Amino acid sequence: MTERIVTMLDQATIAKRVAELGAQITAEYKDRHLVVIIILKGSFVFAADLTRAIDLPLRVDFLGVRSYGEGTESSGVVQITQDLSRPIADEDVLIVEDIVDTGLTIAHLMDLLRTRQPRSVKVCSLLHKPARARVVVPIDYLGFVIEDKFVVGYGLDFAERYRNLPYIGVVERM
Ligand code: IMP
C-alpha cells in the first residue's frame, strides 16, 4: 500500500495564524514574564515559530509525553518521557501543544502542572478536533479547528514519520 499526503493547511495559512496567536499572547500577557512549556515531540515545530512571534521576556522548557503507541488512537494513558528542567512555582505558564484530540493529554498535564503551584496555566494549541473530545479542556489560544481526520506534518507524526513536512496534511492510503 502506498501513501500520499493531501494538504489541509498550507505553509502560508499556518504562518499567518501563528503570527496572530503570537500577537494575541503578547498583548494579553503584556510585560509579564512567561514560561513556555513545549510538549514533545509534536509541538517542536509550532513552538519554534510561535515563540519567535511572542514579544515578551520568556523562558522555554520541555515536557516529553507519549500518549499514542505506533497507531492513531490515543491510549488514554499519558506517559511522561522527559520532565521539566526547573520548578514553575509562581510562574505564568503557557503550555504549547500541537493538537487537542480527545483532550486526555492536556487534562492530565494540567493536573500534573497545577500540583507545582504555578501562578497561572494557559493552553495554546495549534489544532483542535472537537469531534473526538472525551474531556472538556480549556484552550485559551487556538490556531485551527479541524475535522476528524488524522493529520501529519509541521511536527505531527504518523508512527514517527512526516514531522518535517512544512505543511499539515492528511495521510491517504492507496
Ligand atoms: P489527546 O490526548 O487525544 O488529546 O491527544 C493528544 C496527542 O495525540 C497530541 O499531542 C498528538 O501528539 C497526538 N495526536 C492526536 N491527534 C493526532 C493527529 O491527527 N495526528 C498526529 N498526532 C495526533
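Residues numbered from 1 in each chain as written. Predicted model: local features only at pLDDT ≥ 70, side-chain atom pairs only at ≥ 80, totals over all residues. Heavy atoms only, no water.

**A look at helix α2 (residues 44-52)**
Of the residues making up α2, those classed as buried are Phe 46, Ala 47, Leu 50 and Thr 51. Projection of α2 onto a plane perpendicular to its axis shows the buried side chains occupying an angular sector of 120 degrees, all on one side. (Buried < 20%, exposed > 50% of the residue type's maximum accessible area, 1.4 Å probe, protein only. Helix = DSSP H or I, 4+ residues; strand = E, 2+ residues; numbered from the N terminus. Arc of directions from axis to C-beta.)

**Let's talk about the side chain of Asp 92**
Residue placement: Asp 92 occurs in strand β5 (residues 92-100). A distance of 3.1 Å separates a polar atom in the side chain of Asp 92 from a polar atom in the side chain of Arg 32. Residues in contact with Asp 92, not counting those within four places in the same chain, are Tyr 29, Arg 32, His 33, Leu 34, Val 35, Arg 119 and Ser 120. (Polar contact = N/O pair within 3.5 Å; in protein donor to acceptor, adjacent residues only side chain to side chain. Contact = heavy atoms within 4.5 Å.)

**Side note on the environment of Val 121**
Inspection of the secondary structure assignment puts Val 121 in strand β6 (residues 120-128). Exposure remark for Val 121: the relative accessible area of 15% places this residue in the buried category. Note: C-alpha distance between Val 121 and Ile 168 (47 residues apart in sequence) is 27 Å. Residues within four places of Val 121 in sequence aside, it is in contact with Val 93, Ile 95, Met 110 and Arg 114.

**Here's the deal with the packing of aromatic side chains**
A full pass over the atoms with the stated rule returns one aromatic pair. Ring centres of Phe 150 and Phe 158 lie 5.9 Å apart, and the angle between their planes is 70 degrees; this geometry places the pair in the edge-to-face category. Since its relative accessible area comes to 23%, Phe 150 is described here as partly exposed. Residue classification places Phe 158 among the buried positions, given a relative accessible area of 12%. A cation over an aromatic ring shows up here: Lys 122 above the ring of Tyr 29, its NZ or CZ 5.7 Å from the ring centre. (Phe/Tyr/Trp six-rings, centres within 6.5 Å; stacked < 30°, edge-to-face > 60°. Lys NZ or Arg CZ within 6 Å of the ring centre and 35° of its normal.)

**Thoughts on the pattern of salt bridges**
Under the defined criterion, the tally for this structure stands at 18 salt bridges. The residue Arg 17 makes a salt bridge to Glu 20 at a minimum N-O spacing of 2.8 Å. With Arg 17 and Glu 20 both in helix α1 (residues 11-29) and three residues apart, this pair spans about one turn of that helix. The partly exposed category is assigned to Arg 17, whose relative accessible area is 22%. Arg 132 is the partner of Asp 101 in a salt bridge, and the nearest nitrogen-oxygen pair spans 2.7 Å. (Salt bridge = Lys/Arg side-chain N within 4 Å of Asp/Glu carboxyl O.)

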